[in-house]
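# What the coordinates show
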Amino acid sequence: MKKYLRIIERHKVSLWTRFAHLLIDRVIIFLLFVFYGAFSAFVYQLFNITFFVEMGDKISSMNRFEDILLTSLIYFLYTFLMEYFTNGKTIGKYITGSRVISTDGTPPSFNQYLIRNISRLVPFEPFSFFTVDGWHDNWSDTRVINIKNYLAEKQTKDDINSIGAK
């Protein structure tokens, strides 16, 4: 059983901040698709290579289900890889000064990041934020916190605890 620190719970970001993460990260995914299209056109015009244009045509002719699968896979890869390799941050979290952290105050493990991001694929998971925490946070024992406030309180507590210590 994992330990839950009150300092983590006190510095969780608001629902609106988490919504901002979602919007920013979705815009980033959209821009990746736009960049792919521009890259395809550039490579075709410059080198007459049709591979990327043909792949773009296949993507644009997908049915709704295939489109949902592809964008879900890309969003999963984006959030998982970004959070794992940047110590709990996506571009949305960078902009808002937020970070994913384990409920015991340690950096999340590979398995926690994996569970966290697989959980996002559960239907109706986005509606879980109308409860206290989202399912992907609860199932992975992680929270999204405001880094600046968390570190300030942690530093203050460390300073107080170090008084009189050698």
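Thresholds, definitions, all that
Residues numbered from 1 in each chain as written. Predicted model: local features only at pLDDT ≥ 70, side-chain atom pairs only at ≥ 80, totals over all residues. Heavy atoms only, no water. 1 Å grid on protein atoms, 1.4 Å probe; cavity = no way out; pocket = protein on both sides within 12 Å on 5 of 7 lines; lining within 4 Å. Points joined across faces, edges and corners; volume = space filled by probe spheres on them. Helix = DSSP H or I, 4+ residues; strand = E, 2+ residues; numbered from the N terminus. Nonpolar A, V, L, I, M, F, W, Y, C, P; charged D, E, K, R; others polar. Expected span 1.5 Å × (residues − 1). Salt bridge = Lys/Arg side-chain N within 4 Å of Asp/Glu carboxyl O. Buried < 20%, exposed > 50% of the residue type's maximum accessible area, 1.4 Å probe, protein only.

### Remarks on the layout of surface pockets
Regions of empty space are outlined by a rolling probe, equal in size to a water molecule, passed over the atoms. There is about 190 Å³ of room inside the second largest pocket. Along the walls of the second largest pocket sit L32, F33, Y36, M55, I59, L70, I74, L77 and Y78, which together make up its complete lining. Every element with two or more residues in the lining of the second largest pocket is listed here: α2 (15-47), α3 (51-60) and α4 (64-85). The element that contributes the greatest number of residues to the lining of the second largest pocket is α4, accounting for four residues. Grouping the constituent residues of the lining of the second largest pocket by class yields nine nonpolar, no polar and no charged.

### With respect to α2
An ideal rise of 1.5 Å per residue puts 48 Å on 33 residues; α2 measures up with 47 Å between its terminal C-alpha atoms. Just downstream of α2, N48 is the residue with a positive phi angle, here 60°.

### Details of the pattern of salt bridges
Under the counting rule described, the total for this entry stands at ten salt bridges. Among the salt bridges present, the one from E83 reaches R120, with a minimum N-O distance of 3.6 Å. With a gap of 37 residues between them, E83 in helix α4 and R120 in the loop between α6 (110-119) and α7 (135-140) connect regions that are remote in the sequence. Residue class for E83 comes out buried when judged on its relative accessible area of 0%. The class of R120 is buried, set by a relative accessible area of 18%. With its nearest N and O atoms 3.7 Å apart, the salt bridge here joins K157 to E153. Of this pair, K157 and E153 both sit in helix α8 (residues 147-162), four residues apart, which is roughly one turn of the helix. The class of K157 is partly exposed, set by a relative accessible area of 40%.

By themselves, these observations are geometric and do not establish any function.
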